[in-house]
Amino acid sequence: MVNLHESWWIGAVQIPTRVVLAPMAGVSVQAFRRQGRRYGAGLVCSEMVSCAGLEHRNERTLDYLRVARDEHPLAIQIFGSEPRVMAEAARMVEAAGADLVDVNFGCPVRKVTKTGAGATLLEDPVRAARIVETVAGAVSVPVSVKMRRGLEDGSRACLDLGPRLVDAGAASLTLHPRSARQMYTGEADHALTAELVQLVDVPVVASGDVVSHAKAREVLATTGAAAVMVGRAAQGNPWAVAEILKGGAGEPSREEVVAELLLFVRETVRELGEQRATGFLKKFYGWYLCHGRFPKPFKQELLQLRTIAEVEQRLLIAAPGAEELLERLEEDHTAGEEVLLEGLPISVYGGG
Ligand SMILES: Cc1cc2nc3c(=O)[nH]c(=O)nc-3n(C[C@H](O)[C@H](O)[C@H](O)COP(=O)(O)O)c2cc1C
């Protein structure tokens, strides 16, 4: 019987539960990661960060290196194709305070694969191993790798690559067993995850289609993976993280939904600035308010509003009791707020 509350280790980093919050581009902002930790994720991860962007000291890319005290343990994920550039990026990630450097060998998006990064590396094992070796040699924190199964449907490239990456210094592997071509269609084939677990002596994290406590237990039991990763199920739905961890969690009340959404909105405005946050947050309104929690026209109404202040006002009219809950959440959060900008060392800005 697998206990999801049991801690486990990646190198010297202790992970308190067996639920990992997935890295998701355009989603995994600091508010998402901190929320994930509050609801029981043992490890959270940034979205993928461009090594070229870090090399050129791109201001927006550097923003991804902001680490809050209450996020730990935290992985920051990097993508790129040049071992030297990736090693330098990994050093910046370590200096920013991340507990792990995660390397992306899974991104299927053409903009990334055409540069030789992401999923392309699944079919270029020599370069992939050189990247891991160089990155692992550059930092003292553990280096993990996130992969898909391969480029084409039915590919088993990850089974050849995985052990090579471990030999090169990977302290953990995450497998999302879909091909790059599949994107998010079909099902994640966790029979492949079970095969990978047999081939390596480092913890393997199973990613893909884990949406419930029952599914998490099934995946852990049938694959021997050390942990499950939760992605889409957690979008606008931290309660899913708690359910996956513990089972039996009920649907949140409207007040709870609105309070969490408002906290998320406020934190994201602080992180991205109001202008960027206004557009960024729109998809989250739909995610929070679906699951039959609010009628569809209400979501449409929110999307029409121009300012964050109007959104806040409208949400509080719909669920007045949320204000008190929000106050309590914000009080608990105060300690974290003070450190929102901490962890971004001056040296990181030094070149730019
Ligand atoms: C919107 C979105 C963005 C994603 N971005 C990343 C990313 O930056 N890095 C990464 O390794 N995987 C990324 N993924 C893949 C997820 O981490 C995860 O492996 C995948 O969604 C399968 O898990 P799920 O079924 O729990 O969603 C992304 C997925 C989604 C839906």
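Up top is the structure these notes are about.
Since this is a predicted model, take the numbers as computed values, not measurements.

> It is not clear to me how the overall build of the chain should be interpreted in this structure. Could you clarify?
Across its full length, the chain holds 17 helices and eleven strands. Taking 352 residues into account, the globule formula puts the C-alpha radius of gyration at 20 Å, and the chain, at 20 Å, falls close to it. Referenced to the eigenvectors of the C-alpha coordinate spread, the extents of the chain come out at roughly 60 × 50 × 35 Å. Here the chain holds 352 residues, and 58% of them are scored as buried. When contacts within the chain are restricted to residue pairs at least 6 apart in sequence, those whose partners lie at least 24 apart make up 70%. Across the chain, 39 positive and 45 negative side-chain charges occur, with their mean positions spaced 5 Å apart.

> Hey, could you run me through the side chain of S207 in this one?
Here S207 lies in strand β10 (residues 204-207). Once residues within four sequence positions are removed from consideration, S207 is found in contact with K146, T174, L175, H176, P177, A188, H190 and M229.

> Where do I start with the site of the ligand in this structure?
In the region of the ligand, 16 residues are neighbours, and A25, Q77, S207, D209 and R232 sit closest. Contacts to the ligand include M48, whose backbone N or O atom sits 3.3 Å from an oxygen atom. Take G231: an N or O atom from its main chain is 2.9 Å from an oxygen atom of the ligand. For the ligand, the accessible surface in isolation is 610 Å², of which the surrounding protein chains cover 87%.

> Just to check I follow, could you spell out a negative patch on the surface for this structure?
On the surface, E323, E327, E331 and D332 cluster together into a negatively charged patch. Along the chain, E323 turns up in helix α16 (residues 322-337).

> Just to check I follow, could you spell out helix α15 (residues 308-318) for this structure?
Side chains three or four residues apart in an α-helix point the same way, a direct result of the helix having 3.6 residues per turn. Three or more residues of α15 are buried, namely I308, V311, E312, L315 and L316. With its buried residues spanning 125° around the axis, α15 presents them on a single face. Exposed residues on α15 whose side chains face more than 90 degrees from its buried face are A309, Q313 and I317.

> Hey, could you run me through the pairing of strand β6 (residues 74-79) in this one?
The side chains of a regular strand alternate between the sheet's two faces. Here β6 lies mainly inside the structure; six of its six residues are buried. Burial along β6 is two-sided: L74, I76 and I78 facing one way and A75, Q77 and F79 facing the other are all buried. By the bridge criterion, two bridges tie strand β4 (residues 44-45) to β6 in an arrangement that is parallel. Bridge pairing in β6 places V44 opposite L74. In this sheet, β6 lies alongside strand β5 (residues 49-50) in parallel orientation, the contact comprising two bridges. Counted as the bridge partner of S50 is F79 from β6. The pairing of β6 with strand β7 (residues 100-105) spans four bridges and is parallel. Bridge pairing links I76 to V101 in β7. Following the backbone out of β6, through helix α4 (residues 83-96) and into the adjacent parallel β7, one traces a crossover that is right-handed.

Rules of the game
Once a new chain begins, its residue numbering starts again from 1 and follows that chain's sequence as written. Where local features are concerned, this predicted model is filtered to residues with pLDDT of at least 70; where side-chain atom pairs are given and counted, the filter is 80 or more; whole-chain, interface and lining totals use all residues. For side-chain calculations, the full set of non-hydrogen atoms in the structure is used, while hydrogens and water are omitted. A run of H or I in DSSP counts as a helix once it spans at least four residues, and a run of E counts as a strand once it spans at least two, with each numbered from the N terminus. For a compact globule the rule gives 2.2 Å times the number of residues to the power 0.38, and the radius of gyration it is set against comes from C-alpha atoms. Exposed residues in this analysis have more than 50% of their type's maximum accessible area, buried residues have under 20%, and partly exposed residues fall in between, with area computed by a 1.4 Å probe over protein chains only. Here a residue-residue contact requires only that any non-hydrogen atoms of the pair lie within 4.5 Å. Charge counting follows a simple rule: Lys and Arg are positive, Asp and Glu are negative, and His as well as the terminal groups are ignored. All charge positions are set by atom: Lys at NZ, Arg at CZ, Asp at CG, Glu at CD. By convention in this text, a residue qualifies as near a molecule or strand provided that one of its non-hydrogen atoms is within 4 Å of it. In protein, a polar contact means a hydrogen-donor-capable atom and an acceptor-capable atom, both N or O and within 3.5 Å, with residues adjacent in sequence counting only if both atoms are side-chain atoms; elsewhere, any N or O pair within 3.5 Å suffices. Residue-level accessible areas treat just the shown protein chains as cover; the underlying method is Shrake-Rupley with a 1.4 Å probe. A residue counts toward a patch only above 30% relative accessible area and without a salt bridge, and it is joined to like-charged neighbours within 9 Å or, for Val, Leu, Ile, Met, Phe, Trp and Tyr, to nonpolar neighbours within 5 Å. Should a side-chain nitrogen of Lys or Arg be within 4 Å of a carboxyl oxygen of Asp or Glu, the pair is scored as a salt bridge. In this description, the arc belongs to the directions extending from the helix axis to the C-beta atoms. A pair of strands counts as paired when DSSP detects no fewer than two bridges linking them. The handedness of a crossover follows from its direction of travel: if, with the strands pointing away from the viewer, the path from the first strand over the helix to the second runs clockwise, the crossover is right-handed.

It is worth stressing that arrangement in space is one thing and function is another; only the former is reported here.
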